[in-house]
Amino acid sequence: MPTIQRLIAALRSFWASRQQRRTAMWVVGAVGLLVVAYGAYTYVDARREIQRADDKKDEILAAFPTAEVDGVMQPDLRDASQTDLLLLALQRRNRDKAEQRSGQGMMFTGIGIVVLGLAYLVAPTGKPAVPAGDNAPPLA
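Residues numbered from 1 in each chain as written. Predicted model: local features only at pLDDT ≥ 70, side-chain atom pairs only at ≥ 80, totals over all residues. Heavy atoms only, no water.

Engineer: Can you help me understand the overall build of the chain in this one?
Structural biologist: If you tally the helices and strands in the chain, you get three helices and two strands. Scanning the chain from its N terminus toward the C terminus, one meets helices and strands in the order α-α-β-β-α. By the burial criterion, 20% of the 140 residues in the chain qualify as buried. Summarising the internal contacts of the chain: among those between residues at least 6 apart in sequence, 72% fall at separations of at least 24. With an accessible surface of roughly 10,700 Å², the chain has 63% of that area assigned to carbon and sulfur atoms. (Helix = DSSP H or I, 4+ residues; strand = E, 2+ residues; numbered from the N terminus. Buried < 20%, exposed > 50% of the residue type's maximum accessible area, 1.4 Å probe, protein only. Contact = heavy atoms within 4.5 Å. Areas by Shrake-Rupley, 256 points an atom, 1.4 Å probe, with all protein chains shown as cover.)

Put into structure tokens, the structure is as follows:
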């Protein structure tokens, strides 16, 4: 029980100290911005990788004739070599990995935004308290 009371007292002390809250706000805000930047970079890089994989796949498939399958024109891969099929599978794997990284980038961006929201909650608000005394401004 004394541990919980000390923890609550420390939390009250932190919340009462404007300077400590301001320092915590800047630290948490900086961490949040770093996480948002990392997430955005990961997302954009993964999107570029997806585009490269799609372009490479289209380049490989352009060498094959197309045939209508269930009303949709698709490449006819019956005469494709094992190497071409492996290259297509490799491009598909690269695209899947890039899609996974894209999702992780969005997740990190969201986490960073939540951390920035926490920094806003920790930020000190209002003006600092003025001690009552002779030099205190008159109340209106």
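After that view of the structure, there is still more to cover.
Engineer: Where do I start with the side chain of Thr42 in this structure?
Structural biologist: Topologically, Thr42 is positioned in helix α2 (residues 18-61). For Thr42, a relative accessible area of 8% corresponds to the buried category. Here Tyr38 takes part through its backbone oxygen, which lies 2.8 Å from a polar atom of the side chain of Thr42. (Polar contact = N/O pair within 3.5 Å; in protein donor to acceptor, adjacent residues only side chain to side chain.)

Engineer: Just checking my understanding: could you explain the nonpolar core for this structure?
Structural biologist: For soluble globular proteins, the rule of thumb is that nonpolar side chains tend to be buried together. Counting residues in hydrophobic clusters, the biggest one holds five residues: Ile60, Leu61, Phe64, Ala80 and Leu88. Apart from the residues lying within four places of it in its own chain, the contact partners of Leu88 are Lys57, Ile60, Leu61 and Leu77. (Core = buried A, V, L, I, M, F, W, Y, C linked by side-chain atoms within 4.5 Å.)

Engineer: How do you make sense of the pattern of salt bridges when you look at a structure like this?
Structural biologist: Oppositely charged side chains can pair when the atoms bearing their charge come close. The tally for this structure, following the rule as stated, stands at eight salt bridges. The closest approach of N and O atoms between Asp54 and Arg95, which form a salt bridge, is 2.7 Å. Of this pair, Asp54 sits in helix α2 while Arg95 is found in helix α3 (residues 82-122), placing the two residues 41 residues apart along the sequence. Residue Glu99 pairs with Arg95 through a salt bridge whose shortest N-O separation is 2.0 Å. Separated by four residues within a single helix, Glu99 and Arg95 lie in helix α3, roughly one turn from each other. By relative accessible area, which is 35% here, Glu99 ends up partly exposed. For Arg95, a relative accessible area of 22% puts it in the partly exposed group. Linked by salt bridges that have partners in common, Asp45, Arg48 and Arg101 make up one network. (Salt bridge = Lys/Arg side-chain N within 4 Å of Asp/Glu carboxyl O.)

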